[in-house]
There are 4 protein chains.
Amino acid sequence: MGMIGGGKGAFIGAVHRIAAAMDGQMQLVCGAFSSNPETSKNSGKELYLDDDRVYGSFKEMIEKEVQLPEDQRMDVVAIVTPNHVHFEPARLALENGFHVICDKPMTFNTEEALELEKLVEKTGLVFALTHTYTGYPMIKQAREMITSGVFGQVRKVVVEYPQGWLSTPLERTGQTQASWRTDPAKSGKAGAVGDIGTHAENLAETITGLKVKELSADVSTFVEGRLLDDDANVLLRFDNGAKGVLHCSQISAGEENELNIRVYGEKGGIEWHQQEPNTMLVKWLDKPMEVYRTATGYLGETAAAHTRTPAGHPEGYLEAFANIYRNVAATIQARLEGREPEKQYLDFPTVHDGVRGMKFIDAVINSGKNNAAWTKIG
Amino acid sequence: MGMIGGGKGAFIGAVHRIAAAMDGQMQLVCGAFSSNPETSKNSGKELYLDDDRVYGSFKEMIEKEVQLPEDQRMDVVAIVTPNHVHFEPARLALENGFHVICDKPMTFNTEEALELEKLVEKTGLVFALTHTYTGYPMIKQAREMITSGVFGQVRKVVVEYPQGWLSTPLERTGQTQASWRTDPAKSGKAGAVGDIGTHAENLAETITGLKVKELSADVSTFVEGRLLDDDANVLLRFDNGAKGVLHCSQISAGEENELNIRVYGEKGGIEWHQQEPNTMLVKWLDKPMEVYRTATGYLGETAAAHTRTPAGHPEGYLEAFANIYRNVAATIQARLEGREPEKQYLDFPTVHDGVRGMKFIDAVINSGKNNAAWTKIG
Amino acid sequence: MGMIGGGKGAFIGAVHRIAAAMDGQMQLVCGAFSSNPETSKNSGKELYLDDDRVYGSFKEMIEKEVQLPEDQRMDVVAIVTPNHVHFEPARLALENGFHVICDKPMTFNTEEALELEKLVEKTGLVFALTHTYTGYPMIKQAREMITSGVFGQVRKVVVEYPQGWLSTPLERTGQTQASWRTDPAKSGKAGAVGDIGTHAENLAETITGLKVKELSADVSTFVEGRLLDDDANVLLRFDNGAKGVLHCSQISAGEENELNIRVYGEKGGIEWHQQEPNTMLVKWLDKPMEVYRTATGYLGETAAAHTRTPAGHPEGYLEAFANIYRNVAATIQARLEGREPEKQYLDFPTVHDGVRGMKFIDAVINSGKNNAAWTKIG
Amino acid sequence: MGMIGGGKGAFIGAVHRIAAAMDGQMQLVCGAFSSNPETSKNSGKELYLDDDRVYGSFKEMIEKEVQLPEDQRMDVVAIVTPNHVHFEPARLALENGFHVICDKPMTFNTEEALELEKLVEKTGLVFALTHTYTGYPMIKQAREMITSGVFGQVRKVVVEYPQGWLSTPLERTGQTQASWRTDPAKSGKAGAVGDIGTHAENLAETITGLKVKELSADVSTFVEGRLLDDDANVLLRFDNGAKGVLHCSQISAGEENELNIRVYGEKGGIEWHQQEPNTMLVKWLDKPMEVYRTATGYLGETAAAHTRTPAGHPEGYLEAFANIYRNVAATIQARLEGREPEKQYLDFPTVHDGVRGMKFIDAVINSGKNNAAWTKIG
């Protein structure tokens, strides 16, 4: 694996590296960790990489790696840069035959996303998008139960993603994470909506197997001088007639990373909170609520395949992230061996999730500009 | 106190009687418990009332009671009938000099509500509306903290009222509570929106001291054949610029009575769940979340005045209800004694809350009919 | 009903009055509210009692009431005084034909308890002990499930009663509740063990249907100068071979009234916390934990009979207390009518629970004095 | 790093490998994964190790590795075998100059433990014991707060470790984990007490900085035919006069791995549950309970140094384990560089914790055999 971005001071790059290392299926062999070659070199050194596999730019990395013998060069490129530097390295990687793992939202705009989608289809390469939260075992379980119909038809979905860390103009202090996320030149047209709203959308659609057909969004910027949205309240209408509410916020003071979802069907439903990810509440019309827990004997095969430790040994965000990496590795490995991947490892967000997310951003931002007019996705 | 409605099989009538009895400040002395005189008589007997104080109709009750000597006749009328029988008895009671305690929503339609408001203003009598949930001590505490400004300006409000009990067409089984609540002739133009949406609206406005300026509502009926709404998702805009989400539902399968509210200000906020009413979470930008509990030494005077037992002795729904009765009794008592009521007992929902609730129903239902167009309240 | 004790400033007297009033089955008609006749008179006035039914002493009350015509005099005496004034009024009441509701622990010492037990057996009168916590509906449900054998044989019981309110020498400030509870002349030989340890013991034995056979207790006084224990850790051995832990404390700083119990059988068990009394966790070896909730359709008949409101409308401590009063009233009423009480209302703690509690106190205190030697109960 | 044990089918070996890999500070270079050379070879293959670094026995591994050039041979041995195979490999490793990471309980008996302690002192090598639970950041925070005295003197400690997985005679099905843990020849004199009781003891002593002076233990075997204890209830007396309760169980049906601790001081205290490890409740006598959360700004430096992701991104058991590995690596690195390790990384359980644990086992088992007689530790 080679990494693009994720040099000193970055957050998500380190997360990708831990995720890759955890199950011992992917090894970091090279990187272009920063647009500043010096920073890139130093980061590579700290990661115990050979000097000659640490590059000054992603272009250099891809061009040089592709010239290495097949058994030495990287298999996969992990792109962990801000949004405006997703498309170019992804395109170049795919065109040179490398599989791609890319951070979300997938691209800077929808045009780029559609182009990537075409390229992935054309090349047949693996493209994984790190919508981490669907990597949790309980999300596998929820999806299995909901789509199996045990709750009857889905009627209502409530998905929330409140954070409070941008309640003040943190970007003006120079804080790295805040700075690029609130900068339209780097983040794209959306702030909270792109950064975390897309996670909520992806979670809701993944878990229910439904698609949001149209939405009505009240999009706000509460912190004075901020250039992108920091809060959005969205009404959802799904393709099966279900209704929903999605809200995401970076100004919900006192919240950490409280992504959660409730799905209600005719006979019951589920509730899950990312901050306590090993627990899922299963509700029923006429019997007691059940508390499903990871790594227990009553879970389905797919959920079971995404834990590493026995019940009561909490796994968390890094393990959910690692589940994506592990599944990508298993998929690539299966291809190398000319066989189908194991069914339970097929499961990771793809370029299609990425396109969907970009269209969701478009719809929310457009609806917001039109006083929350109903807007179709895509 | 005399009661109108609340005969055998009714739910809320018994609740009113317990609430009245709890603190020994109000005594049930007469009633017209049913439009069926026989049922009324039998109900009166079970309640140990004198036969001659049990009436065949509310009209008879008011007319006869007003002729009793002042020290014998009832002071207050409690109206616990379905919505379509709120206005007439309330009007008659006020016109005959009786204070009124009325169930919510206040009337069948907004016209009646406005007329009642005028009558209350004209007569100067006490009119209390049993929006029970603002009777909880933690709601007093929340209101005090929020309106004091400790959290800075309010930015976002999320208020939810999910229930699941009408997930099936229960009204077709003849179940009393379901039947009238889903019947437009008895309930008015709204189902879930009137029955529980108004509680959510009242809670949000009471706790923040803000008013909803306009709203956009996606109103649904999920159970086939049902004549009124059973679910609504609503975007809110408050008069201070805050945004919000309100959703109420009777088809959230597996939910009991999960009214809850979160308020976010610039520096922190609160979270409260009706099903665990003695706890309120207080969140802050940069220090640990605090868990406020009823009957503790650090609560404000008003919250303290609305509990009866020490910390750790849970009080519940009936006590919240009794808080309204106790405060009404204290207010009437103060008037009889020609003095101001104690400040901490002034606190109960009034005819103005009732008018507000009816206008909220109008706005939500109208918005719903107009594909969730933004609609002003009132 | 007549009340002994419970004058101004008392805590538990007011609780008894609310409990009696709540369901309208018991009416306070007389009282001897204080050993100070003036205080008694004033308390009676505040409670709207006739002056001539407010007495200067419990002796006077019993002697005068018994001379009133049968249909006028009180039926039941409620004794809400400190422990050293339980026995005499209870004895006098029983000897004069009055039923008794008595606060816990039942008496000052075991000798008194045994004498009362004999007297109750001899007179055949109703004697109820207000071990409030077994009045909760979920405790009825727990007992029904455990004793039915759905969990197999009980193996382990953990019952805890931590409070923190006596972490400082509060008794030295003159605080009423603290003063008598830490005074051996009023409280008896035990502090925390008598006041709350007996609740824990009663809960454990009630819920399991088992008896503690022997115990080993480490009894402590942490606050310097305090005359009675304020903490005890106890190992339990039950008559069926189950083992257990009981600990009670008044110096667990930061705890309110956190009585809780866990029972483990061969196949599963339950967990219940008094501070959230409407919820009971039901655990199983090989299926998801279930969350039982009051007033739901899947509860047993007895649990159902002890709530007043639908699911999601929390009932609390006062309702649990009222359940005892309601059941006593139903029992007395049945006797007056010469019939058996309804099965589901038979259920309240009796003089035998009281004797058991006093023997428990003896055993714990004796064990404590003998360096936690194993000590049999009774 | 070289590993002893942890071949196919083992649980804790895989955990050690993930923990070592997570932060990229330790690399698995060799192993003797099984006493069966074939199994060892196959395990090594699956882990992508060079064939010639996969050994048939720990003896072979240590003897051969020590002959490799210094920059090629392993630095550290990780011992992840059942208890009866801890001492010999640890001794051999230390005698040959290798640092050791050893699973707990440290040895088969106390004699071995004392010998190891001497050897560690003599060699000056690093010896880490994987009492995982003290690796959680919140435990660092708890220890810092408690030992700083913010809660005043500690008065009471309640530490629990209930599991339910051995509620049935699982060992008779041949299940690997159950089999050796219930076999005196492999596990030593204790079952639950050694496997999980030592974790509870280590947690209590680590978090408070206190030592258990004496204890009284009621030790049971509930599952018929089981050869070791599966439940113990223990009274604790600490060296500062604090009292406590420790109970551990493998027959608490329905529990997963619910290690938890409550510590009460004069002014407040803490509560922590391993299954939700990112949250710690901080309780106070006279102000609201606070909810401390990992990766927040208000935590101390040491707690902060033991997380990898921002607040709201849950870390779990594997990260706690990795914290031990990371700190061992930092310590060894510092030694190699001839400097003091960073203060916040010094923190891992040592051979002294191991000795203490073995003495605790002795005391509990002895007390249990003497009808819970008070027994001193060590």
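Student: Any chance you could explain the sheet that holds strand S1 (residues 2-4) of chain A here in plain terms?
Tutor: Consider a sheet: its strands pair through backbone hydrogen bonds, and that pairing is either parallel or antiparallel. Residue and element names in this part refer to chain A. As summarised here, the arrangement of the five strands in space is S2-S1-S3-S4-S5, forming an open sheet in which the pairing is parallel. The open sheet has two free edges, formed respectively by strand S2 (30-32) and strand S5 (127-129), since each of these has just one partner strand. Taken pair by pair, the neighbouring strands of this sheet meet at an average axis angle of 15 degrees, ignoring direction. Looking at chain direction, strand S3 (residues 76-79) and strand S4 (residues 99-102) are connected through four bridges and run parallel. Opposite Val76, over in S4, you have His99 as the bridge partner. Sheet strands touched by helix H11 (residues 317-336): S3, S4 and S5. Its angle to S4, the strand with the most contacts, is close to 170 degrees.

Student: So what exactly am I meant to see when it comes to the packing of aromatic side chains here?
Tutor: In this description, an aromatic ring pair is defined by two values, namely the gap between the centres and the angle between the planes. Scanning all chains against the criterion turns up 32 aromatic pairs over all chains. Ring centres 6.0 Å apart and planes at 45 degrees place the aromatic pair Tyr133 of chain A and Tyr317 of chain A in the tilted group. Of the two residues, Tyr133 of chain A sits in the loop between S5 and helix H6 (137-148) while Tyr317 of chain A sits in helix H11, which places them 184 residues apart along the sequence. Residue Tyr317 of chain A is classed as buried on the basis of its relative accessible area, which comes to 3%. A centroid spacing of 5.1 Å and a plane angle of 45 degrees characterise the contact between Phe151 of chain B and Trp284 of chain B, whose relative ring orientation is tilted. A residue pair is termed long-range when its members are at least 10 positions apart, and Phe151 of chain B in the loop between helix H6 (137-148) and strand S6 (154-162) and Trp284 of chain B in strand S12 (residues 279-284) qualify at 133 residues. Each member of the pair, Phe151 of chain B as well as Trp284 of chain B, carries the same accessibility label: buried. A connected cluster of aromatic rings, assembled from ring pairs, spans Tyr133, Tyr136, Tyr161, Trp272, Tyr317, Phe321 and Tyr325 of chain A. Lys287 of chain B extends its terminal NZ or CZ atom over the ring of Trp284 of chain B, reaching a point 4.4 Å from the ring centre.

Student: Would you mind going over the relation of the copies chain A and chain B with me for this structure?
Tutor: These two copies of the chain differ by a rotation about an axis and a displacement along the same axis. Taken as rigid bodies, chain A and chain B are interconverted by a rotation of 180 degrees and an axial shift of 0.0 Å, the fit giving an RMSD of 0.0 Å. On the angle and the small slide along the axis, the relation comes out as a two-fold axis. When you check the interface residues of chain A against chain B, 100% turn up at the interface there too, and the contact is symmetric in its surfaces.

Student: Quick question: what am I supposed to make of the pairing of strand S6 (residues 154-162) of chain A here?
Tutor: Looking along a regular strand, one sees the side chains alternate between the two faces of the sheet. All names here are of chain A. With nine of nine residues buried, S6 lies mostly within the body of the structure. Summarising the sheet, S6 and strand S10 (residues 260-265) pair through six bridges and their orientation is antiparallel. Looking at S10, one finds that Val157 is bridged to Val263. When S6 meets strand S9 (residues 243-249), the two strands line up parallel, connected through seven bridges. Across the sheet, Val157 pairs through a bridge with Gly244, a residue of S9.

Cut-offs applied
Residues numbered from 1 in each chain as written. Chains lettered and ligands numbered in written order. Predicted model: local features only at pLDDT ≥ 70, side-chain atom pairs only at ≥ 80, totals over all residues. Heavy atoms only, no water. Pairing = 2+ DSSP bridges. Helix = DSSP H or I, 4+ residues; strand = E, 2+ residues; numbered from the N terminus. Axes fitted to C-alpha atoms, helices over the stretch in contact; angles between N-to-C directions. Contact = heavy atoms within 4.5 Å. Phe/Tyr/Trp six-rings, centres within 6.5 Å; stacked < 30°, edge-to-face > 60°. Buried < 20%, exposed > 50% of the residue type's maximum accessible area, 1.4 Å probe, protein only. Lys NZ or Arg CZ within 6 Å of the ring centre and 35° of its normal. Least-squares fit on C-alpha atoms with pLDDT ≥ 70 in both.

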